[in-house]
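Residue-level listing of the chains:
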Amino acid sequence: MRAKSVFLTVAHRLAILAYIAFALFPLFWLLKVAVTPNDLLYSEGIRLWPSRASLEHFDFVLRHSAFPVFFRNSLIVSGSTAVVVTILASLSGYALSRFRFRGKYWLVTLMLLTQMFPLVMLVAPIFKILSPLGLTNSLTGLVIVYSAFNVPFATFLMQSFFDGIPKDLEEAAMIDGATQFVAFRQIILPLTLPGIAATLGFVFTAAWSELLFSLMLISGNDQATFPVGLLSFVSKFSVDFGQMMAAGVLALIPACLFFLLIQRYLVQGLTAGAVKG
Amino acid sequence: MASIDIANIQKSYGVHPVLHDVDLKIRDGEFVVLVGPSGCGKSTLLRMIAGLESVTGGEIRIAGKRVNELAPKDRDIAMVFQSYALYPHMSVARNMSYSLRLRKTPKERIATVVTGAAAKLGLEPLLERRPKALSGGQRQRVAMGRAIVRQPKAFLFDEPLSNLDARLREQMRAEIKKLHKDLGATSIYVTHDQIEAMTLADRIVAMNAGVVQQVGSPLDLYDRPANLFVAGFIGSPGMNFFEGTSRAGDRPLFEIAGDIGIPLDAPPPLANNAQATLGIRPEHIVLAGHGPETLLATVDLVEPTGFGIILHLSLGRAGFKVFTNDRSFLTASGTVPVHFPAHSLHFFDSEGNRV
């Protein structure tokens, strides 16, 4: 009996390890190619670690490519989208969680509907709408499009967090002398921090890695975000794998930092949302 | 402190009425308990007074002022919730002072008031703790502290003790009573526990299915229940009921199923052959022979409670309970003589109303 349970534990851990290795291998490969000098890239293509590592690709990407511009653009777009969406989703999620109003059912249905389209279908119409407004080839345009796409899901996410907070708390606050909005701001919002962190993280990464709209709405390097910028390493005759991977590694940094900052709330947040949503 | 007048209050959710024409005048400083089974509308009524539920019809006045349309924050009342509803991200002191801070009370005054309330409730050592580091009883005290720092016009309690274990409940019940004696504040207290209602109330309002059944002092409700519902709800173990027919004559009887006649010492306030329900509390039945027509009841079950004994007996098909302190009945079996004293009998007509 004991031997069996030890065996099961070991098998369990091994399975988890195998999964982690599988999930992280592409990231490892990204790093490996990024530090492989160009002359070894093809000759040592399948070795786990090159015989000579160098940071020359990083150096090139940071000093001689437009990468810093892409990086800045992505940071602006993703950050703004995350903030805008989270504010909107907090307010609308609260309304869905707490208020009864006419047309609520249809509103929710409509929001769900927006999540059912393949985005490719919408590229042309959105371009048609944004073009006369001067919002193509602009970061503002991207923020608007990303926000529009992310608000419905983020709203549902926030709603599930608000649902998890007992109504008694804000009723107590209202009897203590708060208006509903003050109760929301001083009592409910602080308790929803995990949910806000989860929503921020989710939207930030979604915007950070978005390629399709960025590619279609932005022309030229000035306003390009990072995923589009990566494509500039693909030229007509060759692909600069080393530089591309180096840029990719650099692009992981803000996402990692961001999650490092919010992970304390995130673990709490995602589970709370999962159970109570 | 203030009086609260409730006039013809109605409440419906859509087409479903939950409160029918409730009328109630609560005097300044009075402790009123709303009691009834779950779903009887007592909590809804309390929440309407607090302003957490809208009023469908009728009028609520606090200190003579109509409050129907006022937001909860403008009614100057305090409420203690069943779930305590403490703010988890604030310390005990900040929980208690939240209402004062919202009103921009000067810091020194807040400190004095909070310390005073904490002393009254024995919370001084806990002031810097968060609610999650407190036991259930302590949380309950903080919730009460939050209510008393404000000196509101009235206190509302929504089943405040339901989440506590039996011993703690008893202790907190006494503390609430003591607090009310100290503060003399108008209080409305909702519970489904008739013991809480009996022990705390100046007046009890018994409710069922959205209708007030009886309003009176605890002993009024115990001694003279207005109908079958109140008779059955107040008292533990509950009142015994026998359905039957009254028979007048030289020796008046109340005839129950199986042609068993319960002899009545005095003529009942009923017409001859009237269908009715006879009620008697388990603690009022005498376990002794009385004259030639002694009734013999079969012993079905003996339940010792320590304090006394609950005997489950039956007369024909009718089962009933008797409470006695006489330990010789611990070993009772077969049959025992029972006597129903006339002054302890309650009669209810076929509608269930007291006769």
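All values reported here derive from a predicted model rather than from experimental measurement.

This brings us to the UniProt feature "transmembrane region" (unreviewed entry) in chain A. All names here are of chain A. What UniProt calls "transmembrane region" (unreviewed entry) maps, in this numbering, to residues 12-31, 75-96, 105-127, 139-158, 187-208 and 241-262. Across residues 105-127 one finds 78% helix and 0% strand; the C-alpha atoms that close the span lie 30 Å apart. The annotated region residues 187-208 carries 95% helix and 0% strand content, and the separation between its end C-alpha atoms amounts to 32 Å.

A separate point is the interface of chain B and chain A. Taken together, the 22 residues of chain B in the interface contact 16 residues of chain A. Buried surface at the junction of chain B and chain A, both sides included, amounts to about 1700 Å², of which 64% is carbon and sulfur. At the junction of chain B with chain A, the criterion picks out two salt bridges. Between chain B and chain A we count 10 residue pairs in polar contact (both at pLDDT 80 or more) in total. Counting residues per element, the ones that place at least two in the side of chain B that touches chain A are helix H1 (42-50), strand E6 (77-80) and helix H2 (92-102) of chain B. Residues of the side of chain B that touches chain A, tallied by class, amount to 14 nonpolar, three polar and five charged.

Taking 1.5 Å per residue as the helical rise, helix H10 (residues 193-208) of chain A with its 16 residues ought to reach 22 Å, and the 22 Å between its terminal C-alpha atoms agrees with that figure. Listed as buried for H10(A) are A:Pro194, A:Gly195, A:Ile196, A:Ala197, A:Ala198, A:Thr199, A:Gly201, A:Val203, A:Phe204, A:Ala207 and A:Trp208.

In terms of nonpolar packing, the biggest core is built from 98 residues, with B:Ile9 and B:Leu45 touching the most fellow members. A per-element tally of this core places helix H7 (residues 139-163) of chain A first, with 11 residues. Setting aside residues no more than four positions away along its own chain, B:Ile9 makes contact with B:Leu19, B:His20, B:Asp21, B:Val22, B:Leu45, B:Met48, B:Val55, B:Gly57, B:Gly58, B:Glu59 and B:Ile60. In terms of nonpolar packing, the next biggest core, distinct from the first, is built from 47 residues, B:Leu121, B:Leu126, B:Ala185 and B:Ile204 among them.

The next subject is the domain arrangement of chain A. Residue and element names in this part refer to chain A. Under the domain assignment used here, chain A contains domain 1 (1-54) and domain 2 (66-276). Centre-to-centre separation of domain 1 and domain 2, based on C-alpha positions: 32 Å. Regarding the contact of domain 1 and domain 2, the summed buried area is about 600 Å², with carbon and sulfur atoms giving 80% of it. In terms of surface lost to domain 2, no three residues of domain 1 exceed Leu30, Val33 and Ala34, which account for 58% of the buried area on that side. At the boundary of domain 1 with domain 2, the tally comes to zero salt bridges. Connecting domain 1 to domain 2 are zero residue pairs in polar contact (both at pLDDT 80 or more). Broken down by element, the side of domain 1 that touches domain 2 gets its largest block of residues, five residues, from helix H1 (residues 2-34). Split by residue class, the side of domain 1 that touches domain 2 holds seven nonpolar, no polar and no charged.

Now for the domain arrangement of chain B. Residue and element names in this part refer to chain B. When the domains of chain B are assigned, the result is domain 1 (4-228) and domain 2 (240-348). Computed over C-alpha atoms only, the centres of domain 1 and domain 2 are separated by 40 Å. Counting residues at the interface gives six residues for domain 1 and seven residues for domain 2. Between domain 1 and domain 2, the buried area comes to about 550 Å², and carbon and sulfur atoms account for 61% of it. Looking at the side of domain 1 facing domain 2, the largest losses of area belong to Tyr222, Pro225 and Leu228, adding up to 85% of the total buried there. Along the contact surface separating domain 1 from domain 2 lie zero salt bridges. Where domain 1 meets domain 2, there are two residue pairs in polar contact (both at pLDDT 80 or more).

All right, on to the pairing of strand E4 (residues 57-62) of chain B then. Residues and elements named next belong to chain B. Two strands pair when backbone bridges link them, and strand E1 (residues 4-13) and E4 are joined in this way by five bridges, in the antiparallel orientation. Within the sheet, the bridge partner assigned to aspartate 5 lies in E4 and is arginine 61. Counted between consecutive antiparallel strands, the loop separating E4 from strand E5 (residues 65-66) contains two residues, among which alanine 63 sits at a positive phi close to 55 degrees.

Right, let's talk about unusual backbone geometry for a bit. All names here are of chain B. Of the consecutive residues serine 236 and proline 237, the connecting peptide bond is found in the cis state with omega at -5 degrees. Within the secondary structure layout, proline 237 lies in the loop between helix H8 (228-233) and strand E11 (240-247). Even without glycine at this site, tyrosine 84 takes up a positive phi of about 70 degrees. Here tyrosine 84 lies in the loop between E6 and H2. Residue tyrosine 84 is classed as buried on the basis of its relative accessible area of 8%. A positive phi angle, close to 50 degrees, is found at alanine 209, a residue other than glycine. Inspection of the secondary structure puts alanine 209 in the loop between strand E9 (203-208) and strand E10 (211-216). You can call alanine 209 exposed: its relative accessible area is 51%.

Reading the values: the criteria
Residues numbered from 1 in each chain as written. Chains lettered and ligands numbered in written order. Predicted model: local features only at pLDDT ≥ 70, side-chain atom pairs only at ≥ 80, totals over all residues. Heavy atoms only, no water. UniProt positions renumbered as here; feature names shortened; annotations may be inferred. Helix = DSSP H or I, 4+ residues; strand = E, 2+ residues; numbered from the N terminus. Contact = heavy atoms within 4.5 Å. Buried area = accessible area lost by both parts, 1.4 Å probe. Salt bridge = Lys/Arg side-chain N within 4 Å of Asp/Glu carboxyl O. Polar contact = N/O pair within 3.5 Å; in protein donor to acceptor, adjacent residues only side chain to side chain. Nonpolar A, V, L, I, M, F, W, Y, C, P; charged D, E, K, R; others polar. Expected span 1.5 Å × (residues − 1). Buried < 20%, exposed > 50% of the residue type's maximum accessible area, 1.4 Å probe, protein only. Core = buried A, V, L, I, M, F, W, Y, C linked by side-chain atoms within 4.5 Å. Domains from an automatic or database assignment. Pairing = 2+ DSSP bridges.

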